[in-house]
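Spelled out, the chains give:
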Amino acid sequence: MKWGILATGSIAKKFASTILAMKDEGEALVAVGSRSLEKAKAFAEEHRIPTCYGSYQELAQAPDVEAVYVATPNNLHYENCRMCLLAGKHVLCEKPFTLRPEQAEELYSLAKEKGLFLMEAFWIRLLPLYDALIPMLRDGRIGEIREIRVQYGFTSQGARRERKFRSELGGGALLDIGIYNLGFLQMVTGTAPLSFSTQTLRLNEFRTDAYSDITLVYANGCTAHSIQTIGQELERNALITGTLGTVFLEDFQHAVQMTIKVQGQEEETLTYPMDINGFEYEIREASRCAAMGKFCSDIYPPKDSIALSQLLFDIRQSWNMQFDGE
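Attention in this report is confined to the structure presented alongside it.

What counts as what
- Residues numbered from 1 in each chain as written.
- Predicted model: local features only at pLDDT ≥ 70, side-chain atom pairs only at ≥ 80, totals over all residues.
- Heavy atoms only, no water.
- Helix = DSSP H or I, 4+ residues; strand = E, 2+ residues; numbered from the N terminus.
- Rg over C-alpha atoms; globule rule 2.2 N^0.38 Å.
- Buried < 20%, exposed > 50% of the residue type's maximum accessible area, 1.4 Å probe, protein only.
- Contact = heavy atoms within 4.5 Å.
- Areas by Shrake-Rupley, 256 points an atom, 1.4 Å probe, with all protein chains shown as cover.
- Lys, Arg positive; Asp, Glu negative; His and termini not counted.
- Charge placed at Lys NZ, Arg CZ, Asp CG, Glu CD.
- Pairing = 2+ DSSP bridges.
- Core = buried A, V, L, I, M, F, W, Y, C linked by side-chain atoms within 4.5 Å.
- Axes fitted to C-alpha atoms, helices over the stretch in contact; angles between N-to-C directions.
- Salt bridge = Lys/Arg side-chain N within 4 Å of Asp/Glu carboxyl O.

With that settled, consider the overall build of the protein. When helices and strands are counted, the protein shows 10 helices and 14 strands. Here the C-alpha atoms of the protein give a radius of gyration of 20 Å, agreeing with the 20 Å that 2.2 N^0.38 yields for 326 residues. Seen through its C-alpha atoms, the protein measures out along the principal axes to roughly 60 × 45 × 35 Å. Counting the 326 residues in the protein, one finds 57% classified as buried. Look at the contacts in the protein between residues 6 or more apart in sequence, and 66% of them connect residues 24 or more apart. For the protein, the accessible area works out to roughly 13800 Å², and carbon and sulfur atoms hold 47% of it. Side-chain charges in the protein split into 33 positive and 42 negative, and the spacing between the mean points of these groups amounts to 3 Å.

Right under this line is the structure:
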C-alpha cells in the first residue's frame, strides 16, 4: 500500500523506517506532510520519500497516497483523521485515538460510511507474543486471573518534556504511556473494568498528570494495579497472577518473552521475536484489511478502541482534568 505520513516527530521516524524495511511486502512510503515545508523536506530526504508537503491538508489530498499514518499531537488526532477520511484515505492513527470517546465513535462511523479502513495504532495488540498469551489465558493455563500488576515510566527533559505534558496538546503520562498499561489490561481481561480508583496522583508544572497509581476491579473479581509516570524510570513489566500460577513479562510493551510458572510444573520461558520492530504487524493488518475492503480490524475492533478511549476519559474526568480548548 502507498503510505503518507502526517507529521515528522520521533514516532513518525520509527514508522517510516519500518515501511522502508517492508518494501518487499509491497509497502511504500510516497509522501510526508508537515506544517513546516522545511521539516517535511528534511524528513523526506532522511527517509528517501519522493514527495513532501508543507501542510497536512496537501498530504491528505495527495492523489498517489492510499493510506495515511497520523502521527500528529494528541489534540489533533480527531480532526486529522476526519480530514483524511473525507479525502478518501485509509487511516492508521497514533494512540491515543481521540481525547473523547464520542469522537472515536464518530470517526469509526465515518470510516464505515466511506468504506475506508481505520484503526488506532495500538501496535502491541498485534504482537506475536499476545497471539499466544491471550488464548493461553482464556484456556485457563494459570487458572482464574486474580491480580495483574503493570507499570511503565521514563524521564524526559526540555522540549520533549514540554510536548509530553502541555495541556493544549493533550499531554500527561496517562494518555502518553498509561494507555499501554490500560490497553494491556484490556487484552488480558478481555473486558472493561467495573470500577477504578486512583491511589496516587501527582501533577506537573503544566497541571497535567506526571504520575498515577490506579486500581481497577473487574467483574470476575480480578484486581489490577497500573502505574504510569513520566519523570521516573520504571521497567515496563507486567505480572499476571492466577489461581494456578503466574505469567511474567519483563517488557510488556516490546513483548518478546514471557515466563510461565504453573503449580506442579517446571518454569517455562517462551520467546516470540519480532520481524522488525513491532510496527510491522499493524501495518500488515491495515494493508490486509484495506485490500479486503474492510473498514476495521477484527483483531483490534472499534469497540475496543472506543472502550479504551472511554476509560481514559473517565479516569481523567475523575481527576477533574480538562484539556485547554476541549
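For the rest of this paragraph, the subject is the pairing of strand β8 (residues 195-203). Relative to strand β9 (residues 209-217), β8 is paired through 8 bridges, and the arrangement is antiparallel. Across the sheet, the residue bridging to T200 is D213, located in β9. The antiparallel hairpin formed by β8 and β9 contains 5 residues in its connecting segment, where R207 sits at a positive phi of about 65 degrees.

Our focus in this paragraph is the side chain of S34. On the secondary structure map, S34 appears in the loop between β2 (28-33) and α2 (37-46). Residue class for S34 comes out buried when judged on its relative accessible area of 6%. Each residue touching S34, except ones within four places of it in the same chain, is listed here: T8, K39, A40, Y53, G54, S55 and Y56.

In this structure, W3, Y130, F184, I240, L249 and F252 are the most contacted members of the largest nonpolar core, which totals 111 residues. Residue contacts for F252: discarding those within four places in its chain leaves I124, Y130, V150, Q151, Y152, Y180, N181, F184, R236, N237 and A238.

Pairing in this open sheet of 8 strands is mixed, and the strands run β8-β9-β10-β7-β11-β12-β13-β14 from one edge to the other. Sheet topology places β8 and β14 (268-271) at the edges, where each strand pairs with a single neighbour. Taken over all neighbouring pairs, the strand axes of this sheet differ in orientation by 10 degrees on average, direction set aside. Bridging between strand β12 (residues 245-249) and strand β13 (residues 257-262) involves 4 bridges; their strand directions are antiparallel. The residue of β13 that forms the bridge with T246 is K261. Of the strands in this sheet, β7 (145-154), β11 (238-242), β12, β13 and β14 are in contact with helix α6 (residues 128-138), which crosses β13 at around 20 degrees.

Scanning the entire structure with this criterion turns up 16 salt bridges. Between D304 and R125 there is a salt bridge, and its shortest N-O distance comes to 2.6 Å. Within this pair, whereas D304 is found in helix α10 (residues 302-318), its partner R125 is found in the loop between β6 (118-120) and α6, the two being separated by 179 residues in sequence. The two residues D304 and R125 agree in class, both being buried. Ionic contacts of the salt-bridge type, sharing partners, join the residues E25, D275 and R284 into one network.

Here the focus is the pairing of β9. When you tally the buried positions in β9, you get 8 out of 9 residues, the bulk of the element. Across 7 bridges, β9 lies against strand β10 (residues 223-230) in antiparallel orientation. Bridged to S212 within β10 is Q228. Two successive antiparallel strands, β9 and β10, enclose a turn made up of 5 residues, where G221 displays a positive phi of approximately 95 degrees.

Of note, the bond from K95 into P96 is cis; its omega dihedral lies within 30 degrees of zero at -10 degrees. With respect to the element layout, P96 can be found in the loop between β5 (90-93) and α5 (101-114). Although it is not a glycine, R207 sits at a positive phi angle of roughly 65 degrees. Relative to the elements of secondary structure, R207 occurs in the loop between β8 and β9. Of the residues examined, R207 reaches a relative accessible area of 58% and is grouped as exposed.

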